[in-house]
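Per-entry structural report
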Amino acid sequence: MDELPRSLAEFERRFPDDRACARWLMARRWPDGFRCPGCDHDRAWELSRGLLVRQCARCERQVSVTAGTVMHRSHLPLKLWFQAAWLVATHSNGISARQLWKQLGLGSYKTAWLLLAKLRRAMVDPEREPLFGLVEVDETTMPFRGRDDPVAAKPGRAADGKLLIAGAVEIRGKRPGRARLQVIQDYAAATLGAFVAASVVKGAVVVSDGWSGYRTLKDVKHDPRVVGAMAAHVVLPWVHRVFSNSKRWALGVYHGLRKKHLQSYLDEFVFRFNRRRSPPAAFARLLGLAARHKPTTYKMLISRA
Ligand SMILES: [Zn+2]
């Protein structure tokens, strides 16, 4: 994958206008040259009314470069989307709608908010690969605040103003691989089993703290490491680090979490964590482009012969 610009000046040189952005998108979507999705013909006309639409030279089908991306049918200029995605991808802690509004000189805060919401929604790739290999799994709680109260806890509720979170992290040698975080309703075996089934590939080895909720796991090998509650961070170091980093991040960036949006915050944290070594992949993903051309090393890792 090509280098992402490392500075705003580089970004401006690389993407000076909508045309440059459209060309970059073309190259992403058809790395081996244009192919008509209707008839597989390899020649197309650029329609004069815009760079975003090509017309197949054989069947005359019109193909939009932005179809299937977050930019499709947007009234905002392509370059604005690129700038926003670049800012979001390169800010290690994330950027607020207010910051985006100021930095891009957008007309209204609402425009910035909607733009950011769309980019955030693109953070979860529906076709993402489940975690594989050795995977630490555990649960934790996160405090949330209500609509008005700064550090609210609704009395009488389960877990007292805290939301339950399940987490999983791949272990790659001495380092963490990818992570998943999900809001869960309870610690029941069925709930935890569903989380593992959705997040971890069949045949993987799941390391847990031995909680009974994991005893009935299917399709994965289970390695319970019962050592008593105090030492859970010793046997499950990475999932615990992800838990504490995500809590700190939520407090620092969002000043505490709102219950309604918790899963989307977790998705954003996981998005940054999983792409911490690959800003270009983050940039492409934010624009709604799936990483179809995965690096060989990753392909080798996921081959489960
Ligand atoms: Zn065609």
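Summarised in this report is the structure supplied together with it. Keep in mind that what you see is a predicted model, and the values were worked out from it rather than measured. (Residues numbered from 1 in each chain as written. Predicted model: local features only at pLDDT ≥ 70, side-chain atom pairs only at ≥ 80, totals over all residues.)

On to the overall build of the chain. In terms of helices and strands, the chain carries 11 helices and nine strands. The proportion of buried residues among the 305 residues of the chain is 28%. For the chain, long-range pairs separated by at least 24 residues make up 54% of all intrachain contacts whose partners lie at least 6 apart in sequence. (Helix = DSSP H or I, 4+ residues; strand = E, 2+ residues; numbered from the N terminus. Buried ≥ 20, exposed ≤ 12 C-beta atoms within 10 Å, placed from the backbone. Contact = placed C-beta atoms within 7 Å.)

What follows covers the sheet that holds strand E2 (residues 53-56). The strand order across the open sheet built from three strands is E1-E2-E3, with neighbouring strands paired in antiparallel fashion. Two strands close off the open sheet at either side, each with one partner strand: strand E1 (44-46) and strand E3 (62-64). Pairs of neighbouring strands in the sheet enclose a mean axial angle of 30°, with direction left out of account. Here three bridges tie E2 to E3, and the two strands are oriented antiparallel to one another. When the bridges of E3 are listed, glutamine 55 appears paired with glutamine 62. (Pairing = 2+ DSSP bridges. Axes fitted to C-alpha atoms, helices over the stretch in contact; angles between N-to-C directions.)

Moving on, we get to the packing of helix H4 (residues 97-104) against helix H5 (residues 109-121). For the pair H4 and H5, the least separation of the axes is 8 Å and the interaxial angle reads 115°. The element H4 and its partner H5 pack so that their crossing is right-handed. In contact with Ala97, Arg98, Leu100 and Trp101 of H4, H5 contributes Tyr109, Ala112, Trp113, Leu115 and Leu116. In the contact of H4 with H5, the residues fall into eight nonpolar, no polar and one charged. (Left-handed = near helix turned anticlockwise from the far one by under 90°. Nonpolar A, V, L, I, M, F, W, Y, C, P; charged D, E, K, R; others polar.)

We now examine the pairing of strand E7 (residues 205-208). When strand E4 (residues 134-145) meets E7, the two strands line up parallel, connected through three bridges. Paired with leucine 134 across the bridge in E7 is valine 205.

Core analysis: the largest hydrophobic core is formed by 32 residues, its most contacted members being Val135, Val137, Ala168, Val169, Val200, Val206 and Val239. Listed in part, the 27 residues of the second largest apolar core include Phe82, Trp86, Leu87 and Leu116. (Core = buried A, V, L, I, M, F, W, Y, C linked by C-beta atoms within 7 Å.)

Here we take up H5. Taking 1.5 Å of rise per residue, 13 residues should cover 18 Å, and H5 covers 18 Å from first to last C-alpha, within 8% of that figure. Taken as a whole, H5 has its buried residues at Ala112, Leu115, Leu116 and Leu119. For H5, the arc enclosing every buried residue in end-on projection is 95°, short of the 170-degree limit, so these residues lie on one face. Looking at H5, the residues exposed on the side facing more than 90 degrees away from the buried face are Lys110 and Ala117. (Expected span 1.5 Å × (residues − 1). Arc of directions from axis to C-beta.)

Examined against the element boundaries, valine 169 turns out to sit in strand E5 (residues 162-172). It is 9.7 Å that separates the C-alpha atoms of valine 169 and proline 237, two residues lying 68 residues apart in sequence. Residue contacts for valine 169: discarding those within four places in its chain leaves Val135, Glu136, Pro176, Ala179, Trp238, Val239 and Val242.

All we've got here are geometric facts, nothing functional implied.
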